[in-house]
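# Reading the structure
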Amino acid sequence: MMGRDDIPVGVGGDGGISDSGDIHPNVGGYLPLIDQGMSTAGGCRYRQAIPAGRGGGRLDIDTNSGLRKGFLPQGSRGYRPLRQPTAQRVMEDTLTAGPTTVLLLGAHTNLALLLMSRPHLRRHVERVYISGGAVRVPGNLFTASDANPIAEFNFFGDPFAAYTVLHSGVPVTMVPLDATNTIPVTEEFYVEFQRRQSTYEAQYCFLSLDEGYYMWDSFAAGVAISSMRRGETGGDNEFAELEYMNITVVTSNRPYGVGAHDGSNPFFDGRATPKFGLKEGGVHSGHVQTGIRDAFCLVPGSNRGRCEDGYTKLASGPEAVRVYVATSAKPNTDKSSSLDREFFKSFLEVLNLPENTKPNFRNVSRGKPVIFDMDMSPGDFISLIYLLKVPRQEIDLKAVLVSGNGWANIASIDIVYDVLHMMGRDDIPVGLGDTTALGNPTLGCKNSYAIPYGSGGFVDSDTLYGWARSLPRSPRRYMSENLDHPERRQPHPYDVWQSVRKQLRPGEKITVLTSGPLTNLANISLSDMDASSAIERVYVVGGNIRDRGNEKGNVFTVPSNRYAELNMFLDPLAAKKVLESSLNITLIPLTVQRKVASFEGVLAALEQPTQHTPESRFVHGLISQLQELQRKQKEYHHMDIFLGEVLGAVYMVQGSDLEPSVKVKPVSIVANNTESTDGQILVRRKSANLLKILYNLNDGVYYNHLTNALANSKQSAIVGSFDEQKAIWSRPQKQFMAT
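Predicted, not measured: the structure shown is a model, and the values here were computed from it. Numbers given to residues run from 1 along each chain, matching the order in which its sequence is written. Totals for whole chains, interfaces and linings use every residue, but because this is a predicted model, local features are given only for residues with pLDDT of at least 70 and side-chain atom pairs only at 80 or more, for both listing and counting. Hydrogens and water are ignored here; the side-chain numbers use all heavy atoms of the structure.

Before going further, it helps to spend a moment on the overall build of the protein. Under the DSSP-based scheme used, a helix requires at least four consecutive residues in state H or I and a strand at least two consecutive residues in state E, with every element numbered from the N terminus. Secondary structure summary: the protein contains 26 helices and 16 strands in total. The globule rule puts the C-alpha radius of gyration for 739 residues at 27 Å, and the 27 Å found for the protein is close to it. Buried residues in the protein amount to 55% of all 739 residues. Accessible surface is estimated by sampling points in the Shrake-Rupley manner with a 1.4 Å probe; for residues, cover comes only from the protein chains shown. For the protein, the exposed surface amounts to about 31,200 Å²; the carbon and sulfur share of it is 49%. All radius of gyration figures rest on C-alpha atoms, and the globule criterion is 2.2 Å times the number of residues raised to 0.38. Each residue is assigned to one of three classes by its accessible area relative to the maximum for its type, calculated with a 1.4 Å probe on protein chains only: buried under 20%, partly exposed between the two thresholds, exposed over 50%.

The next subject is the sheet that holds strand 5 (residues 312-314). Two strands qualify as a pair provided DSSP detects at least 2 bridges between them. In space, the six strands of this open sheet follow the order 1-2-3-6-4-5, with mixed pairing throughout. Two strands bound the open sheet, and with one partner strand each, they are strand 1 (100-104) and strand 5. With direction set aside, neighbouring strand axes in the sheet form an average angle of 40 degrees. Taken together, the eight bridges between strand 4 (residues 240-249) and strand 6 (residues 321-329) define a ladder with antiparallel strand orientation. Within the sheet, the bridge partner assigned to Glu243 lies in strand 6 and is Val325. The strands that helix 6 (residues 159-166) touches are strand 1, strand 2 (125-131), strand 3 (172-175), strand 4 and strand 6; relative to strand 4, the one it contacts most, it runs at about 110 degrees. To get an axis, fit a line to the C-alpha atoms, keeping to the stretch in contact for a helix; angles then go from 0 to 180 degrees between the N-to-C directions. Throughout, a residue-residue contact means that at least one pair of heavy atoms, one from each residue, lies within 4.5 Å.

On to the nonpolar core. In terms of nonpolar packing, the biggest core is built from 90 residues, with Leu384, Val416, Leu647 and Tyr702 touching the most fellow members. Setting aside its immediate chain neighbours within four residues, Tyr702 contacts Val596, Leu643, Val646, Leu647, Val650, Leu658 and Leu697. The set of buried Ala, Val, Leu, Ile, Met, Phe, Trp, Tyr and Cys residues whose side-chain atoms join them within 4.5 Å is what this entry labels a nonpolar core. Membership of the second largest hydrophobic core comes to 47 residues, among which are Ile34, Leu111, Val288 and Ile292.

What follows is about helix 12 (residues 378-389). Taking 1.5 Å per residue, 12 residues should reach 16 Å; helix 12 reaches 17 Å between its end C-alpha atoms and fits that length. Buried residues dominate helix 12, accounting for 12 of its 12 residues. Those residues of helix 12 lying buried are Pro378, Gly379, Asp380, Phe381, Ile382, Ser383, Leu384, Ile385, Tyr386, Leu387, Leu388 and Lys389. In this scheme, a helix's expected span is set at 1.5 Å multiplied by one less than its residue total.

Here we come to the domain arrangement of the protein. How big an interface is tends to be reported as the loss of accessible area on association of its parts. Domain annotation of the protein identifies domain 1 (45-72 + 87-252 + 288-351) and domain 2 (368-726). Each of domain 1 and domain 2 was reduced to a C-alpha centroid, and the two centroids are 39 Å apart. At the junction of the two partners, domain 1 supplies 20 residues and domain 2 supplies 22 residues. Two parts placed together each lose some accessible area under a 1.4 Å probe, and the buried area is that loss summed for both. Interface of domain 1 and domain 2: buried area, both sides summed, is about 1,700 Å²; carbon and sulfur atoms make up 55% of it. Its largest share of buried area at the contact with domain 2, domain 1 owes to Arg54, Leu59 and Lys69, together 42% of the area lost on that side. Salt bridge, as used here: a side-chain nitrogen of Lys or Arg that lies within 4 Å of a carboxyl oxygen of Asp or Glu. Taken together, the connections running from domain 1 to domain 2 amount to two salt bridges. Two residues, Asp414 and Arg68, come together in a salt bridge whose shortest N-O distance is 3.8 Å. Polar contacts, as counted here, are pairs of nitrogen or oxygen atoms within 3.5 Å of one another; within protein the pair requires one atom able to donate a hydrogen and one able to accept it, and residues that are adjacent in sequence qualify only if both atoms are side-chain atoms. Counting across the domain 1 and domain 2 interface gives seven residue pairs in polar contact (both at pLDDT 80 or more). At the level of elements, helix 1 (58-63) and helix 2 (67-71) are the ones that each hand at least two residues to the side of domain 1 that touches domain 2. An automatic or database domain assignment supplies the start and end points of every domain.

Below you can see the structure in the form of structure tokens.
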């Protein structure tokens, strides 16, 4: 939008840090340094302080409350697996080219990794400007103040990385809460901003703003620009008062030394030699906060905890680092202005410079009603496209439910809307589920830590491995909670369930297909005690049956759990609630999924038809890419697990045509909060629930049916791609209306 496609963008990476402390190339920065191993999978020690869902959490941030997709144009560049420049590569290339100023607006992990692994590049860092910290004011961990009342989010995100940056010897200017607390979004600024929106970037920034917001990162950027323009620390900063302070970052809590044996501090715990050569009994050797409800940090009878992880503390002696610190925002020199801060005046002037533009940017009998509950893995999107291809006389897809604790971050719901739009089904409602497993607090990542953040995990699922950008853009998208227009808010699964129930004809029941954690269905059952009376059958894609031999599961990031399947592992309690209920359930477990998880088999079938549809080409391209990634890179070794997920949709539609072998077994589900056994399904001879289990089928018939459905020109895409959509947008209005 801003005409700067020349600026490189780095994200992630799949490198790791060995147990001995060797930093491999291209560590992704997904995890704090204290928890970074050789994988991108891991827990959320600090990250759990940030809510994952609605109400200002990661969902609203990842979508900018729906504005990102609704407003911004789609550029020519996009994420592509293995082709995306990593954060470390972009930073190294930039610093190698010459002296560089660094602006940090989040956790310090990426820069700390670069300074630790490429210490010779420190001399090329002219200065680091940091948004974050809290020196003489309370912290802002509003979700975790009971445990840690003095840390600020950016420093709390990786305290050891922040310590590493501040103690690296590079010059640092810090814009902490001390300063940003003095520049809230006032009513006067909001009204003036509303009046002054002569550019698209001004409009976008205004729509992104809320009253009651503080100008954290934008103010830090302004302070940095003013300092660079006026000679770093030599000149008077236009926007902030600054002074030198001696500061350090707290990385562990007293008494020092306890981290070696209390299980909280991987730098020391169980090690003969501390990691990274840290000093025994030193400032890093104490208890490290393990989460927002860490018992060590909580003070009985008080709402003010005792942990200080991430605290930017005034210090003296060898731990003190001289830092240039912003203490307050300067008042507006124009006393007649309604804007009370000098930065506000400059902010609105710059945003409204007229230098950039934004490009200009439609009755049959019904089959059995179906609700598809998905977690947005690649296989789930193929299943969704397949279900939209099945004649509506056979399958009437009434709704899609999206799991918030599965393979993708919930902001990826926008891809679901785009697929529905491509297929001309903007009438299908989409319900957005919880971000955590049943019975777990909203802050945390219990069980979902098993999904990698990097390659083959969230970074790929959230972009559908780069293919999401090729889809046409739906007029629908995630919308944040809107008190003025509640009808526009994103519906919950229970809202959608109730809506579908009301549409049922007398005697009609719903068929449910689940292909992810069973959280949504469990929550619906708990909220609607009569839900089972409206459900005809449930097809569950997932689970691994241990009744003969030792068929391994697929929770590949949790080696201690050899026999669970990921959908069950991600929410064992929900799995137990659903699978041990009175519902009529057919299970499509790993054993049979693996029979149709052949890249060669499905691609050969997809290449047979002489004619193709936009959706069959899309599926072929996506599957081909998954195969290529699996062949090229070890981080993508698990790509074939997504192929087996499609079986659930095809079996639900075709049934006996696939020549299935189904057996009834008494099973029970393990949900005991034990990592090594959670989510496992055991065959019990007594006191267990009976499930229908699909054991075998004719894979050739399956491949042919899937291919024929996707290649059928009936019920094909209304708008085949984003490129086709752009062509439609560019037609003269009369021609468009004529078509």
